[in-house]
Amino acid sequence: MFEPLTWALVALSLVAMVFAIVLAARDKRINWTLLAILGVIEVGLLAQLVIGIVQLAGTDRDVSGVFFVGYLIGGLIVLPLGALWALAESSRWGAGALAFACLVIPVVEQRLHVIWTT
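Quick look at the structure, then. (Residues numbered from 1 in each chain as written. Predicted model: local features only at pLDDT ≥ 70, side-chain atom pairs only at ≥ 80, totals over all residues. Heavy atoms only, no water.)

Some details on the pattern of salt bridges
Note on pairing: side chains with opposite charge can pair once their charged atoms come close.
Okay, step 1: One pass over the full model with this rule turns up one salt bridge.
Okay, step 2: Residue Asp 27 pairs with Arg 92 through a salt bridge whose shortest N-O separation is 3.7 Å. Here the residue Asp 27 occupies a position in the loop between α1 (3-25) and α2 (32-58), and Arg 92 occupies one in helix α4 (residues 92-117), the gap between them amounting to 65 residues. (Salt bridge = Lys/Arg side-chain N within 4 Å of Asp/Glu carboxyl O. Helix = DSSP H or I, 4+ residues; strand = E, 2+ residues; numbered from the N terminus.)

Quick look at the structure:
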């Protein structure tokens, strides 16, 4: 796995989570700035998917490919679902749901790291 990309994704998703929590606390809906941050994270997750599959195909380690690719795809799907939920929900809970979706990304990244290194 490409470690700098992993840490950048974790940091950006935590920033987006804090931003969404602030919006929820102020009873505001999500805005274009937060959606732009999510777009950057999503592009990074897509790059990680491609890099991860290429590295998985070229490695001779004993890595569970099904779980590894599953986590890569799962991480890619979580943010768009959270953003759709946040856009559909007109109360503060939309931003809260998006904050939770942003929290899932560091968990997925940690799990990917564990699968790759063991």
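A few points about the nonpolar core
A general feature of soluble globular proteins is that nonpolar side chains tend to end up buried together.
Okay, step 1: Leu 38, Ile 41, Phe 68, Leu 79 and Leu 98 are the most contacted members of the largest nonpolar core, which totals 33 residues.
Okay, step 2: Elements that contribute at least two residues to this core include exactly α1, α2, α3 (65-88) and α4.
Okay, step 3: For this core, the element with the most residues is α4, which contributes 10 residues. (Core = buried A, V, L, I, M, F, W, Y, C linked by side-chain atoms within 4.5 Å. Buried < 20%, exposed > 50% of the residue type's maximum accessible area, 1.4 Å probe, protein only.)

Things to note about the packing of α2 against α3
Okay, step 1: Packing of α2 against α3 brings their axes to within 10 Å, and their N-to-C directions diverge by 165°. By the angle class used here, α2 and α3 are roughly antiparallel. For the pair α2 and α3, the sense of crossing is left-handed. Contacts between α2 and α3 involve Leu 35, Leu 38, Ile 41, Glu 42, Leu 45, Leu 46, Gln 48, Leu 49, Gly 52, Ile 53 and Leu 56 from the former and Gly 65, Phe 68, Val 69, Leu 72, Ile 73, Gly 75, Leu 76, Leu 79, Pro 80, Ala 83 and Leu 87 from the latter.
Okay, step 2: A breakdown of the residues in the contact of α2 with α3 according to their chemical character gives 17 nonpolar, four polar and one charged. (Axes fitted to C-alpha atoms, helices over the stretch in contact; angles between N-to-C directions. Parallel < 35°, antiparallel > 145°, perpendicular 65-115°, else oblique. Left-handed = near helix turned anticlockwise from the far one by under 90°. Contact = heavy atoms within 4.5 Å. Nonpolar A, V, L, I, M, F, W, Y, C, P; charged D, E, K, R; others polar.)

Here we look at a nonpolar patch on the surface
Okay, step 1: A cluster of nonpolar side chains, Ile 73, Ile 77, Leu 81 and Leu 84, forms an exposed patch at the surface whose accessible area comes to about 380 Å².
Okay, step 2: When you line up the elements, Ile 77 lands in helix α3.
Okay, step 3: Accessibility expressed as a relative area gives 44% for Ile 77, which makes it partly exposed. (Patch = residues over 30% accessible without salt bridge, like charges linked within 9 Å, V, L, I, M, F, W, Y side chains within 5 Å. Areas by Shrake-Rupley, 256 points an atom, 1.4 Å probe, with all protein chains shown as cover.)

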